[in-house]
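Here's the letter readout for the chains.
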Amino acid sequence: MSYTLADRSPQKVTFPAFDHGRKASISTTALQLTATSTPLYRGLVVKAAAGNTGKVYVGNSDVTNDTTDGTDGFELSAGESVSVETDNANKVYVIGSVAGQKVFWIGA
């Protein structure tokens, strides 16, 4: 519970719920992390699956996989993660260096 300085009366505190998911079958074509609008207040974390055999790149809708300097995403090897400041999970895209990669994500 929180209190205001003026009256010390209890105030309702609302915390955002966590949203989470996974994106399987990531190939060498950029894919949205989720097509569903998922508003976020604190951003999200994307983690590459431990069993991935290639790399995953995280970025905008024009993300590339180590092929174009200006649009290459943030590279994740198996088991690595990155925190992304965004207001909606559907603004984040992923692409793999090879087909069959997977990521997990959680956001608030």
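All figures in this text were calculated on a predicted structure; none of them were measured in a lab.

Scoring rules and cut-offs
- Residues numbered from 1 in each chain as written.
- Predicted model: local features only at pLDDT ≥ 70, side-chain atom pairs only at ≥ 80, totals over all residues.
- Heavy atoms only, no water.
- Helix = DSSP H or I, 4+ residues; strand = E, 2+ residues; numbered from the N terminus.
- Core = buried A, V, L, I, M, F, W, Y, C linked by side-chain atoms within 4.5 Å.
- Buried < 20%, exposed > 50% of the residue type's maximum accessible area, 1.4 Å probe, protein only.
- Salt bridge = Lys/Arg side-chain N within 4 Å of Asp/Glu carboxyl O.
- Pairing = 2+ DSSP bridges.

(A) Layout of unusual backbone geometry. At Ser25, a position not held by glycine, the phi torsion is positive, near 60°. Relative to the helices and strands, Ser25 is located in strand β3 (residues 19-26). With phi around 65°, Asp66 is a residue other than glycine that occupies positive phi space. Counting through the fold element by element, Asp66 comes out in the loop between β6 (56-59) and β7 (74-76).

(B) Main features of the nonpolar core. Core analysis: the largest hydrophobic core is formed by 16 residues, its most contacted members being Leu33, Leu44, Val46, Val58, Val94 and Val103. Put simply, the parts of the chain that give this core at least two residues each are β5 (44-48), β6, β8 (81-84) and β10 (101-107). Here this core gets three residues from one element, more than from any other, and that element is β5.

(C) Spatial organisation of the pattern of salt bridges. Throughout the structure, instances matching the rule amount to two salt bridges. When the shortest N-O distance is used, the salt bridge between Lys55 and Glu75 registers 4.0 Å. In this pair, Lys55 sits in the loop between β5 and β6 while Glu75 sits in strand β7, placing the two residues 20 residues apart along the sequence. By relative accessible area, which is 36% here, Glu75 ends up partly exposed. Residue Asp87 is joined to Lys91 by a salt bridge in which the shortest nitrogen-to-oxygen separation is 2.7 Å. Note on Asp87: relative accessible area 44%, which makes it partly exposed.

(D) Here's a closer look at the sheet that holds strand β9 (residues 93-96). The four strands are arranged β4-β9-β6-β7 in an open sheet whose pairing can be described as antiparallel. Of all strands in the sheet, those with a lone pairing partner are β4 (31-32) and β7, marking the two edges.

(E) Examining the pairing of β9 more closely. Burial along β9 is two-sided: Tyr93 and Ile95 facing one way and Val94 and Gly96 facing the other are all buried. For β4 and β9, the ladder comprises two bridges, and the chain directions are antiparallel. When the bridges of β9 are listed, Gln32 appears paired with Tyr93. Pairing between β6 and β9: four bridges, direction antiparallel. Bridge pairing in β9 places Tyr57 opposite Ile95.

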